[in-house]
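Results of the structural survey
One-letter residues, chain by chain:
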Amino acid sequence: MSLKKQYLKSRPVCKVTFRLPAEAAQNAQSVHIVGEFNDWKAGAIPLKKLRDGTFTITLDLAPQHEYQFRYLINENTWENDWNADKYVPSPFGTAENSVVVV
């Protein structure tokens, strides 16, 4: 499972951990998460590379929303989350976007 959600009782936030497995990130030097939560800014949120080749990051997201997102590998290859909550057509018509529901 690549999307882990932890709802905080102390404040209205859901900590969502995103994971791009090593199989999806083969030969990746860098992976960024790009989506509605950061206005689709390509280089804004880099993921941390783990020893096994997996890339991960935890973001604080507002609950009761759906966020479209994708991973950008090596600044030129787009990848969806293999375990996203759902997928929707991209407004650019070239692919689908991953969606996390919080």
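In this report, we go over the structure that sits alongside the text. Treat the numbers as computed from the prediction; the structure is a model and nothing was measured.

**Some points on the nonpolar core**
Among the nonpolar cores identified, the biggest contains 22 residues, and Phe-18 and Ile-33 are the most heavily contacted of them. Listing elements by their share of this core, those giving two or more residues are strand S2 (14-20), strand S3 (31-35), strand S5 (55-61) and strand S6 (66-73).

**Considering the side chain of Arg-70**
If you trace the backbone, Arg-70 turns up in strand S6. With no salt bridge to any partner, buried Arg-70 finds its closest opposite charge in Glu-79, at an N-O distance of 6.5 Å. For Arg-70, the side chain forms a polar contact with the side chain of Asn-80, separated by 3.0 Å. Within the local environment of Arg-70, its side chain forms a polar contact with the backbone oxygen of Glu-96, the two atoms lying 3.3 Å apart. Setting aside its immediate chain neighbours within four residues, Arg-70 contacts His-32, Ile-33, Val-34, Trp-40, Trp-78, Glu-79, Asn-80, Ala-95, Glu-96, Asn-97 and Ser-98.

**Details of the pairing of strand S9 (residues 96-101)**
Bridge count between S6 and S9: four bridges; the pairing is antiparallel. Bridge assignment links Gln-68 to a residue of S9, and that residue is Val-99. Taking the residues that link successive antiparallel strands as the turn, the strand S8 (residues 86-89)-S9 hairpin has six residues, and the phi of Gly-93 there is positive, at about 75°.

**Regarding the pattern of salt bridges**
Oppositely charged side chains can form a pair if their charged atoms are brought close together. Under the defined criterion, the tally for this structure stands at four salt bridges. We note a salt bridge from Lys-15 to Asp-60, for which the minimum N-O separation is 2.9 Å. Of this pair, Lys-15 sits in strand S2 while Asp-60 is found in strand S5, placing the two residues 45 residues apart along the sequence. Take Asp-60: its relative accessible area is 39%, and that puts it in the partly exposed class. Across the pair Lys-86 and Glu-66 runs a salt bridge whose closest N-O atoms are separated by 2.9 Å. Remark: Glu-66 occurs in strand S6 and Lys-86 occurs in strand S8; sequence separation between them is 20 residues.

**Brief notes about the packing of aromatic side chains**
Under the definition given, this model contains five aromatic pairs. With 6.4 Å between their ring centres and 40° between their planes, Phe-37 and Phe-69 make a pair best called tilted. With Phe-37 in the loop between S3 and strand S4 (48-49) and Phe-69 in strand S6, the pair connects residues that are 32 residues apart, well separated along the chain. The buried category is assigned to Phe-69, whose relative accessible area is 0%. A network of ring pairs unites the aromatic residues Phe-18, Phe-37, Tyr-67, Phe-69 and Tyr-71 as a single cluster.

Cut-offs used in this document
Residues numbered from 1 in each chain as written. Predicted model: local features only at pLDDT ≥ 70, side-chain atom pairs only at ≥ 80, totals over all residues. Heavy atoms only, no water. Core = buried A, V, L, I, M, F, W, Y, C linked by side-chain atoms within 4.5 Å. Buried < 20%, exposed > 50% of the residue type's maximum accessible area, 1.4 Å probe, protein only. Helix = DSSP H or I, 4+ residues; strand = E, 2+ residues; numbered from the N terminus. Lys, Arg positive; Asp, Glu negative; His and termini not counted. Salt bridge = Lys/Arg side-chain N within 4 Å of Asp/Glu carboxyl O. Polar contact = N/O pair within 3.5 Å; in protein donor to acceptor, adjacent residues only side chain to side chain. Contact = heavy atoms within 4.5 Å. Pairing = 2+ DSSP bridges. Phe/Tyr/Trp six-rings, centres within 6.5 Å; stacked < 30°, edge-to-face > 60°.

So far we have only geometry, and geometry alone does not tell us how the molecule works.
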